[in-house]
Amino acid sequence: MEPTKSELEILQVLWEHGPSTVRFVNDKLNEEKRAVQYSSTLKLMQIMAEKGIVIRDESSMKHVYSPAEAEDKTKNALLEKFVDSMYKGSASNLVMQLFGNKNTSQEELDEIKDFLKKLDK
(Lines give C-alpha, C1' and ligand atoms only; values in the text may rest on other atoms or scores of the structure.)
Protein backbone atom coordinates (compact mmCIF):
# COMPACT_ATOMS: atom_id res chain seq x y z
CA MET A 1 0.00 0.00 0.00
CA GLU A 2 1.39 3.40 -0.98
CA PRO A 3 1.79 5.84 1.92
CA THR A 4 0.39 9.37 1.71
CA LYS A 5 2.61 12.45 2.13
CA SER A 6 1.70 12.72 5.84
CA GLU A 7 2.31 9.01 6.33
CA LEU A 8 5.72 9.35 4.67
CA GLU A 9 6.62 12.12 7.12
CA ILE A 10 5.84 9.74 9.99
CA LEU A 11 7.79 6.93 8.34
CA GLN A 12 10.80 9.24 7.96
CA VAL A 13 10.80 9.80 11.74
CA LEU A 14 10.51 6.06 12.42
CA TRP A 15 13.25 5.18 9.92
CA GLU A 16 15.58 7.80 11.39
CA HIS A 17 14.89 7.22 15.10
CA GLY A 18 13.69 3.62 15.23
CA PRO A 19 10.57 2.30 17.00
CA SER A 20 8.84 5.25 18.67
CA THR A 21 5.77 6.38 20.59
CA VAL A 22 3.15 8.66 19.06
CA ARG A 23 4.30 11.45 21.41
CA PHE A 24 7.90 11.16 20.17
CA VAL A 25 6.83 11.13 16.50
CA ASN A 26 4.51 14.09 17.06
CA ASP A 27 7.28 16.08 18.80
CA LYS A 28 9.70 15.36 15.91
CA LEU A 29 7.11 16.41 13.31
CA ASN A 30 6.58 19.67 15.20
CA GLU A 31 10.35 20.27 15.34
CA GLU A 32 11.17 19.31 11.77
CA LYS A 33 8.08 19.85 9.62
CA ARG A 34 5.09 21.84 10.82
CA ALA A 35 2.67 22.23 13.71
CA VAL A 36 0.71 18.99 14.10
CA GLN A 37 -1.81 18.15 16.82
CA TYR A 38 -1.04 15.05 18.89
CA SER A 39 -4.55 13.70 18.23
CA SER A 40 -3.98 14.00 14.45
CA THR A 41 -0.69 12.10 14.65
CA LEU A 42 -2.29 9.42 16.85
CA LYS A 43 -5.21 8.92 14.46
CA LEU A 44 -2.93 8.78 11.42
CA MET A 45 -0.60 6.25 13.05
CA GLN A 46 -3.60 4.11 14.05
CA ILE A 47 -4.78 4.18 10.42
CA MET A 48 -1.24 3.32 9.26
CA ALA A 49 -1.27 0.30 11.60
CA GLU A 50 -4.62 -0.82 10.17
CA LYS A 51 -3.21 -0.47 6.63
CA GLY A 52 -0.11 -2.46 7.61
CA ILE A 53 2.29 0.43 6.97
CA VAL A 54 3.48 0.39 10.60
CA ILE A 55 3.45 -2.25 13.30
CA ARG A 56 2.15 -1.37 16.76
CA ASP A 57 3.74 -3.04 19.78
CA GLU A 58 1.15 -3.03 22.56
CA SER A 59 3.22 -5.03 25.07
CA SER A 60 3.86 -2.04 27.34
CA MET A 61 1.76 0.86 28.63
CA LYS A 62 3.08 3.08 25.85
CA HIS A 63 2.40 1.68 22.41
CA VAL A 64 5.49 1.71 20.22
CA TYR A 65 5.26 1.89 16.44
CA SER A 66 7.80 0.69 13.90
CA PRO A 67 7.81 0.65 10.09
CA ALA A 68 6.44 -2.52 8.51
CA GLU A 69 8.86 -2.19 5.56
CA ALA A 70 12.51 -1.18 5.36
CA GLU A 71 13.19 2.38 4.21
CA ASP A 72 14.99 1.37 1.01
CA LYS A 73 12.23 -1.06 0.00
CA THR A 74 9.53 1.62 0.38
CA LYS A 75 11.56 4.32 -1.37
CA ASN A 76 12.50 1.99 -4.23
CA ALA A 77 8.85 1.04 -4.80
CA LEU A 78 7.75 4.70 -4.75
CA LEU A 79 10.59 5.72 -7.07
CA GLU A 80 9.77 2.93 -9.55
CA LYS A 81 6.13 3.98 -9.61
CA PHE A 82 7.11 7.63 -10.08
CA VAL A 83 9.55 6.85 -12.92
CA ASP A 84 6.99 4.57 -14.59
CA SER A 85 4.16 7.11 -14.41
CA MET A 86 6.07 10.34 -15.05
CA TYR A 87 8.96 9.24 -17.29
CA LYS A 88 7.54 6.15 -19.04
CA GLY A 89 9.98 3.98 -17.08
CA SER A 90 13.06 5.89 -18.25
CA ALA A 91 15.41 6.63 -15.36
CA SER A 92 17.74 8.51 -17.72
CA ASN A 93 14.93 10.94 -18.65
CA LEU A 94 14.39 11.60 -14.94
CA VAL A 95 18.10 12.24 -14.37
CA MET A 96 18.33 14.53 -17.40
CA GLN A 97 15.41 16.61 -16.15
CA LEU A 98 16.90 16.81 -12.67
CA PHE A 99 20.16 18.17 -14.02
CA GLY A 100 18.38 20.47 -16.44
CA ASN A 101 16.26 22.11 -13.73
CA LYS A 102 18.85 22.52 -11.01
CA ASN A 103 22.31 23.92 -10.57
CA THR A 104 24.25 20.83 -9.59
CA SER A 105 27.43 21.53 -7.62
CA GLN A 106 30.76 20.11 -8.70
CA GLU A 107 30.80 18.07 -5.49
CA GLU A 108 27.44 16.49 -6.38
CA LEU A 109 28.63 15.79 -9.93
CA ASP A 110 31.78 14.11 -8.56
CA GLU A 111 29.67 11.93 -6.24
CA ILE A 112 27.44 10.92 -9.16
CA LYS A 113 30.47 10.12 -11.35
CA ASP A 114 31.95 7.96 -8.57
CA PHE A 115 28.62 6.17 -8.17
CA LEU A 116 28.41 5.48 -11.91
CA LYS A 117 31.99 4.17 -11.98
CA LYS A 118 31.11 1.71 -9.20
CA LEU A 119 28.11 0.48 -11.24
CA ASP A 120 30.39 -0.26 -14.20
CA LYS A 121 32.63 -2.57 -12.17
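Calculation criteria
Residues numbered from 1 in each chain as written. Predicted model: local features only at pLDDT ≥ 70, side-chain atom pairs only at ≥ 80, totals over all residues. Heavy atoms only, no water. Salt bridge = Lys/Arg side-chain N within 4 Å of Asp/Glu carboxyl O. Helix = DSSP H or I, 4+ residues; strand = E, 2+ residues; numbered from the N terminus. Buried < 20%, exposed > 50% of the residue type's maximum accessible area, 1.4 Å probe, protein only. Patch = residues over 30% accessible without salt bridge, like charges linked within 9 Å, V, L, I, M, F, W, Y side chains within 5 Å. Areas by Shrake-Rupley, 256 points an atom, 1.4 Å probe, with all protein chains shown as cover. Lys, Arg positive; Asp, Glu negative; His and termini not counted. Charge placed at Lys NZ, Arg CZ, Asp CG, Glu CD.

Draft legend 1. The pattern of salt bridges, seen in detail. In the structure shown here, the tally under the stated rule is 8 salt bridges. E9 is the salt-bridge partner of K5, the closest N and O atoms lying 3.4 Å from each other. Highlighted residues: K5 and E9, both in helix α1 (residues 5–17), separated by 4 residues, approximately one helical turn. The class of E9 is buried, set by a relative accessible area of 9%. With its nearest N and O atoms 2.8 Å apart, the salt bridge here joins E7 to K51. Of this pair, E7 sits in helix α1 while K51 sits in helix α3 (residues 38–51), and the two are 44 residues apart along the sequence. Residue K51 is classed as partly exposed on the basis of its relative accessible area, which comes to 32%.

Draft legend 2. The arrangement of a positive patch on the surface in detail. Together, K113, K117, K118 and K121 make up a region of like positive charge exposed at the surface. Note on placement: K117 falls in helix α6 (residues 106–120). Residue K117 is classed as exposed on the basis of its relative accessible area, which comes to 52%.

Draft legend 3. Geometry of unusual backbone geometry. Of note, K88 is a non-glycine position whose phi angle comes to about 50 degrees, a positive value. With respect to the helices and strands, K88 occurs in the loop between α4 (71–87) and α5 (91–101). Residue K88 is classed as exposed on the basis of its relative accessible area, which comes to 82%.

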